[in-house]
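# Summary of structural features
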Protein chains: 2
Amino acid sequence: MATMTAAQRREEARTEYDAFLKGCPTNQLLDRLSDKWVSLVVSALAPGPLRYSDLARRLAGVSPKMLTQTLRALERDGILTRTVTPSVPVRVDYELTELGRSLSLLLLAVKDWAETHIEEVWEAREQYDAGDAAAS
Amino acid sequence: MATMTAAQRREEARTEYDAFLKGCPTNQLLDRLSDKWVSLVVSALAPGPLRYSDLARRLAGVSPKMLTQTLRALERDGILTRTVTPSVPVRVDYELTELGRSLSLLLLAVKDWAETHIEEVWEAREQYDAGDAAAS
DNA sequence: CAGTATCCGATTGGATACTG
DNA sequence: CAGTATCCAATCGGATACTG
């Protein structure tokens, strides 16, 4: 049992690691923010509630599949509420919860950082690309 | 030209939208943070510089491919520096730049938010799952 | 030690069509 | 209007093997 391949050792490490990540709040949140549509939905809803079709229009080009998937996940996490008005035709409104509004503030912080530092990133890229070519 | 299918209209919207997103700093940053390994590498390097193999050990289970890919991207963006010491065998150190340390502060803010609110998210999930089952 | 190159399985997400 | 269900193409990322 002392003989374990590198792959086996990595596999084991990865398993433990994943388990650790699953329980890590920061990683869970990053997973959410990572989702392209999540941040857009939250931002879109920040000013106030919207209907399903309004959201579809706001998030240009989103497929119904992804929109529904995203909304369900956010509803489950308590980020937003889904309100059905049983008129004809039905009307469904989505609105940020207190938690959701709190999250939108964090997104604002991300936005601030991005706007403050994006220039540096662009400059760094130019330099990297230029230097890379010159180094050959 | 008045006749355009729904798919075509969505496609056009998506194209413009993508172009918009490409130029949006916030979205660029979220794209970065979205990468599972990026935040981990930045966090790992926050205390101080590390060698390639040290990073590989710290980020349990990462494949050389992903590690290199992540490091290259972060180097290009000016988040970290790559220093080669031409000894035998070669030694390569990775260290956060000023920009990288600034980013690590943002990650800390994310961490704070996550730790503060993750309980609410968990509760919301339990309620959602329970309520969902009861509603059937 | 610090990667690079290739293959390939798994996941993602868009298109499309249909339903209450 | 507000979704659901299915199919499928593309992308991602891990395993593996090889190099300076």
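Residues numbered from 1 in each chain as written. Chains lettered and ligands numbered in written order. Predicted model: local features only at pLDDT ≥ 70, side-chain atom pairs only at ≥ 80, totals over all residues. Heavy atoms only, no water.

As recorded in an unreviewed UniProt entry, chain A goes by the name Helix-turn-helix domain-containing protein, listed as coming from Streptomyces plumbiresistens.

When helices and strands are tallied, chain A shows six helices and three strands. Element order for chain A, N to C, with α for helix and β for strand: α-α-α-β-α-α-β-β-α. Against the 2.2 N^0.38 benchmark of 14 Å for 136 residues, chain A shows a C-alpha radius of gyration of 21 Å, more extended than a compact globule. Structurally, chain A occupies a C-alpha span of about 65 × 50 × 25 Å along its principal axes. Buried residues in chain A amount to 39% of all 136 residues. About 7,900 Å² of surface is accessible on chain A, with carbon and sulfur atoms providing 56% of the total. Averaging the locations of the 17 positively and 20 negatively charged side chains of chain A gives two centres separated by 10 Å. (Helix = DSSP H or I, 4+ residues; strand = E, 2+ residues; numbered from the N terminus. Rg over C-alpha atoms; globule rule 2.2 N^0.38 Å. Buried < 20%, exposed > 50% of the residue type's maximum accessible area, 1.4 Å probe, protein only. Areas by Shrake-Rupley, 256 points an atom, 1.4 Å probe, with all protein chains shown as cover. Lys, Arg positive; Asp, Glu negative; His and termini not counted. Charge placed at Lys NZ, Arg CZ, Asp CG, Glu CD.)

A few words on the pairing of strand β3 (residues 91–96) of chain B. Residues and elements named next belong to chain B. Sheet topology places strand β1 (residues 50–51) next to β3; two bridges connect them, and they run antiparallel. Looking at β3, one finds that R51 is bridged to D93. Bridging between strand β2 (residues 80–85) and β3 involves six bridges; their strand directions are antiparallel. Within β3, the residue paired with V84 across the bridge is V92. Linking β2 back to β3 in an antiparallel pair, the connection comprises five residues. (Pairing = 2+ DSSP bridges.)

On to the packing of helix α3 (residues 36–45) of chain A against helix α5 (residues 64–76) of chain A. Residues and elements named next belong to chain A. Between α3 and α5, whose axes approach to 10 Å, the crossing angle comes to 70 degrees. Accordingly, the angle class assigned to the pair α3 and α5 is roughly perpendicular. Contact residues: W37, V38, V41 and V42 in α3; M66, L67, T70, L71 and L74 in α5. For the contact of α3 with α5, the class distribution of residues is eight nonpolar, one polar and no charged. (Axes fitted to C-alpha atoms, helices over the stretch in contact; angles between N-to-C directions. Parallel < 35°, antiparallel > 145°, perpendicular 65-115°, else oblique. Contact = heavy atoms within 4.5 Å. Nonpolar A, V, L, I, M, F, W, Y, C, P; charged D, E, K, R; others polar.)

UniProt tags residues 24–122 of chain A as "domain: HTH hxlR-type" (unreviewed entry). Here residues 24–122 of chain A is 66% helix and 14% strand, with 32 Å between the C-alpha atoms at its ends. (UniProt positions renumbered as here; feature names shortened; annotations may be inferred.)

All names here are of chain A. Sheet architecture is open: three strands sit in the order β1-β3-β2, paired in antiparallel fashion. Whereas interior strands pair on both sides, the edge strands pair on one side only; in this sheet they are β1 (50–51) and β2 (80–85). In the packing of α3 onto the sheet, the strands contacted are β1, β2 and β3 (91–96), and the crossing angle to β3 comes to about 95 degrees. Against the sheet, α5 engages β2 and β3, with an angle of about 115 degrees to β2.

A word on the side chain of B:D77. Along the polypeptide, B:D77 turns up in the loop between α5 (64–76) and β2. The contacts of B:D77, once residues within four sequence positions are left out, are A:V121, A:A124, A:R125, B:R32 and B:L99.

Before going further, it helps to spend a moment on the protein's contact with DNA strand C. In the vicinity of DNA strand C, 19 residues are found, and the nearest of them are A:K65, A:M66, B:S53, B:R82 and B:Y94. Of all DNA strand C atoms lying within 4 Å of any protein atom, the proportion belonging to sugar or phosphate reaches 64%. Between DNA strand C and B:S53, the relevant distance is 2.7 Å, taken from a phosphate oxygen to a side-chain nitrogen or oxygen of the residue. Sorting the residues of the surface near DNA strand C by element identifies α5 of chain A together with α1 (6–23), α4 (52–58), α5 and β3 of chain B as the ones contributing at least two each. Element by element, the count of residues in the surface near DNA strand C is highest for α5(B), at four residues. For the surface near DNA strand C, the per-class residue count stands at nine nonpolar, three polar and seven charged. (Near = heavy atom within 4 Å. Polar contact = N/O pair within 3.5 Å; in protein donor to acceptor, adjacent residues only side chain to side chain.)

Counted under the stated rule, the structure contains 14 salt bridges over all chains. Ionic pairing is found between B:R57 and B:D54, a salt bridge with its closest N-O pair at 3.2 Å. Taken together, the residues span about one helical turn, with B:R57 and B:D54 both in helix α4 at a distance of three residues. Close ionic contact of B:R101 with B:E98 constitutes a salt bridge, the shortest N to O distance being 3.1 Å. Placement of both B:R101 and B:E98 in helix α6 (residues 98–134) is noted, with a separation of three residues, approximately one turn of the helix. Assessed through its relative accessible area of 38%, B:R101 is described here as partly exposed. One continuous salt-bridge network, built from bridges that share partners, spans A:R32, A:D77 and B:R125. (Salt bridge = Lys/Arg side-chain N within 4 Å of Asp/Glu carboxyl O.)

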